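Letter by letter, the chains look like this.
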Amino acid sequence: MNIIVIGCGKVGSSLVEGLMEENHRISVIDINPEAFDKLPEEFEGTVVEGCGFDEETLIKAGISEADACAIVTDNDSANIMAAEVARLRFNIQKVIARIFDPEIAQFFSEEGITTICPTTISAEQVKTEILKED
Amino acid sequence: MYIIIVGGGKVGYFLTKELSERGQEILLIEKNPNRFYKISNDFPELVIHGSGTETHILRQAGIGRADTLIAVTGKDEDNLVIAQLAKKKFKVPNIIVRVNNPKNFPIFHALGITNCVSSTSMILSIVEEKLNIGDLIPLLNLKKGNIEIVEIDLKDGAPAVGKQLSELNLPPEKLNIIGIIRDDRIIFPQKETTLLTNDSILFLLDITHKSLLDEVFGLTS
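Residues numbered from 1 in each chain as written. Chains lettered and ligands numbered in written order. Predicted model: local features only at pLDDT ≥ 70, side-chain atom pairs only at ≥ 80, totals over all residues. Heavy atoms only, no water.

Undergrad: Would you explain the overall build of chain B in this entry?
TA: Along its length, chain B carries seven helices and eleven strands. Computed over C-alpha atoms, the radius of gyration of chain B comes to 22 Å, more than 25% over the 17 Å expected from 2.2 N^0.38 for 221 residues, which places it beyond the range of a compact globule. Expressed as lengths along the three principal axes of its C-alpha atoms, the size of chain B is roughly 60 × 30 × 30 Å. The buried share of chain B, reckoned over its 221 residues, is 45%. The long-range share in chain B, meaning contacts at least 24 apart out of those at least 6 apart in sequence, stands at 55%. Surface accessibility of chain B: about 11700 Å² in total, with carbon and sulfur atoms responsible for 53%. (Helix = DSSP H or I, 4+ residues; strand = E, 2+ residues; numbered from the N terminus. Rg over C-alpha atoms; globule rule 2.2 N^0.38 Å. Buried < 20%, exposed > 50% of the residue type's maximum accessible area, 1.4 Å probe, protein only. Contact = heavy atoms within 4.5 Å. Areas by Shrake-Rupley, 256 points an atom, 1.4 Å probe, with all protein chains shown as cover.)

Okay, structure coming up:
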């Protein structure tokens, strides 16, 4: 698969490492070029410095050939905007966005974006641990 | 009308001031604590502290009964989220959005948010007019950005000068002449109206047919 990863923070760079193991073609976008230092040395994909919802940046990152877009910056609004640009302007079907705010995650998943909400996931997992029988 | 404004920067601040002076019911939402503090000194009852991207803040602001929501933060991504929440989740009838980077217009339009204002675009239009960089001056975007009202100023020597409107062969299903401004007077266009140098012609145009204007008016842009 040709995959675009937007946001090269801790999650973004870990995601890239994981995807590399499955031999996918990866492009990474980040607004801060130093973020690319987190990528493993063996990374052979493309890096593009720029804003993930800017159409020119996405085109540079190869969005016209992309099969999927993973959007994992630390800003919910930026992630939503990038997801919508990928879906509506470039017709990418598989668009996944990490969204911290549970209500925003819920609302936009109803609008057709696959959202992963660490807040909800963490709360549920901690709850499970706390309620475990000793 | 109950109007909620998100973003207490210069635009939001002066909008709040103007609209409340005109007797409208306003609430401003501002997330920066320092800005909030300053604004609440000037308009104590008109501002709440919080982020307009958070639904509990929007509910606190009474978004359920708002007639208009204006998103004028400095970040297009926030304005996009706020506008969508207001329009689709809370069904606010009127949404007005500030778009800071004109390159972001298409995604707003694609999501059905059509009342978008970019001061950059507006000033660009004026600069283009003053520098004569482009002959076509876009005045207003309508209907998902494909329909525009544009202005052409007829310069000396333009091919259309001296011709009657009926001679120009402009297909009415592609563009409509709304009016002609001549010497500060409005002229209602008739088939026999003859175009003169310095006439400003206002068109309602589907921009996919912009090239028609190039052909008829010999535009240089």
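Still to come is the rest of the account.
Undergrad: I keep staring at the nonpolar core and nothing clicks. Help me out?
TA: Taken as a class, soluble globular proteins show a tendency for nonpolar side chains to be buried jointly. Of all hydrophobic cores here, the largest spans 59 residues; its most connected members are I63 of chain A together with I4 and L69 of chain B. By residue number, the principal contributor to this core is helix α3 (residues 76-89) of chain A, which donates seven residues. Each residue touching I63 of chain A, except ones within four places of it in the same chain, is listed here: I4, L58, C69, A86, F90 and I92 of chain A. L165, L175, I201 and L205 of chain B belong to the second-largest nonpolar core, a separate cluster that totals 19 residues. (Core = buried A, V, L, I, M, F, W, Y, C linked by side-chain atoms within 4.5 Å.)

Undergrad: What exactly am I supposed to notice about the side chain of N79 of chain A here?
TA: Residues and elements named next belong to chain A. Position of N79 among the secondary structure elements: in helix α3. With relative accessibility at 0%, the residue N79 sits in the buried group. Within polar-contact distance, the side chain of N79 engages the backbone oxygen of R98 at 2.8 Å. Ignoring sequence-local partners within four residues, the contact set of N79 consists of I71, V72, T73, A97, R98 and I99. (Polar contact = N/O pair within 3.5 Å; in protein donor to acceptor, adjacent residues only side chain to side chain.)

Undergrad: Where do I start with α3 of chain A in this structure?
TA: Side chains three or four residues apart in an α-helix point the same way, a direct result of the helix having 3.6 residues per turn. Residues and elements named next belong to chain A. If you check α3, its first and last C-alpha atoms are 19 Å apart, about what 14 residues at 1.5 Å a residue would give, namely 20 Å. Counted residue by residue, α3 has eleven buried out of 14 residues, so it is predominantly covered. For α3, the full list of buried residues reads D76, S77, A78, N79, I80, M81, A82, A83, E84, V85 and A86. After α3 finishes, the residue N91 shows a positive phi value of roughly 60 degrees. (Expected span 1.5 Å × (residues − 1).)

Undergrad: What is the right way to look at the interface of chain A and chain B in this model?
TA: The parts lose accessible area when they come together, and the size of an interface is often stated as this lost area. In this complex, chain A contributes 18 residues to the contact, which on the side of chain B involves 19 residues. Between chain A and chain B, the buried area comes to about 1600 Å², and carbon and sulfur atoms account for 62% of it. Taken as a group, M81, E103 and F107 of chain A account for 31% of the area that chain A buries against chain B, more than any other trio of residues on that side. Viewed at the interface, chain B and chain A are joined by three salt bridges. Taking the shortest distance from any N to any O, the salt bridge between E111 of chain A and K88 of chain B comes out at 3.3 Å. Summed over the shared surface of chain A and chain B, the number is five residue pairs in polar contact (both at pLDDT 80 or more). (Buried area = accessible area lost by both parts, 1.4 Å probe. Salt bridge = Lys/Arg side-chain N within 4 Å of Asp/Glu carboxyl O.)

Undergrad: I tried to follow the sheet that holds strand β3 (residues 47-49) of chain B on my own but got confused; where do I start?
TA: What links the strands of a sheet is backbone hydrogen bonding, and the strands pair in either a parallel or an antiparallel sense. One open sheet accounts for six strands, arranged β3-β2-β1-β4-β5-β6 (chain B); its pairing is parallel. Strand pairing shows two members of the sheet lacking a second neighbour, β3 and β6 (116-117) of chain B, which therefore form its edges. (Pairing = 2+ DSSP bridges.)

Undergrad: Whenever I open this one, the pairing of strand β4 (residues 68-71) of chain B confuses me. Can you help?
TA: Two faces make up the sheet, and in a regular strand the side chains alternate between them. Residue and element names in this part refer to chain B. Both faces of β4 are covered, namely the face carrying T68 and I70 and the face carrying L69 and A71. With four bridges connecting them, strand β1 (residues 2-6) and β4 associate as parallel partners. For I4, the partnering residue across the bridge sits in β4 and is L69. When β4 meets strand β5 (residues 94-98), the two strands line up parallel, connected through four bridges. Pairing of A71 across the sheet is with V97, part of β5. This β-α-β element, β4 to helix α4 (residues 76-89) to β5, shows right-handed connectivity. (Right-handed = clockwise from strand over helix to strand, strands pointing away.)

Undergrad: Which parts of the structure should I look at to understand the packing of aromatic side chains?
TA: Each pair of aromatic rings is reported with the distance of its centres and the angle of its planes. Taken as a whole and assessed by the stated rule, the structure comprises three aromatic pairs over all chains. For the pair F107 of chain A and F108 of chain A, a centre-to-centre distance of 4.9 Å together with 85 degrees between the ring planes defines the contact as edge-to-face. Both rings, one in Y13 of chain B and one in F14 of chain B, keep their centres 5.1 Å apart while their planes meet at 85 degrees; by these two values the pair is edge-to-face. Connected via pairs of aromatic rings, a cluster forms that spans Y13, F14 and F43 of chain B. The ring of Y2 of chain B carries R65 of chain B above its face, with NZ or CZ at 4.0 Å from the centroid. (Phe/Tyr/Trp six-rings, centres within 6.5 Å; stacked < 30°, edge-to-face > 60°. Lys NZ or Arg CZ within 6 Å of the ring centre and 35° of its normal.)

Undergrad: Is there a simple way to explain a nonpolar patch on the surface in this structure?
TA: Residues and elements named next belong to chain B. On the surface, I96, V117, M122, I123 and V127 cluster together into a nonpolar patch covering about 400 Å² of accessible area. If one sorts the elements of the nonpolar patch by residue count, helix α6 (residues 119-131) sits on top with three residues. Relative to the helices and strands, I123 is located in helix α6. For I123, a relative accessible area of 52% puts it in the exposed group. (Patch = residues over 30% accessible without salt bridge, like charges linked within 9 Å, V, L, I, M, F, W, Y side chains within 5 Å.)

Undergrad: When you look at the environment of K210 of chain B in this model, what are you seeing that I'm missing?
TA: By the secondary structure assignment, K210 of chain B is in helix α7 (residues 210-217). Between the C-alpha atoms of K210 of chain B and E128 of chain B, which are 82 residues apart in sequence, the distance is 17 Å.

Undergrad: Would you mind going over helix α4 (residues 102-110) of chain A with me for this structure?
TA: All of the buried residues in α4 of chain A are I104, A105, F107 and F108 of chain A. At its buried positions, α4 of chain A is contacted by α3 and β6 (114-116) of chain A together with α4 of chain B. If you check the start of α4 of chain A, you find a side-chain oxygen 2.9 Å away from the backbone N of E103 of chain A, and it comes from D101 of chain A. Looking at the residues trailing α4 of chain A, positive phi occurs at G112 of chain A, about 105 degrees.

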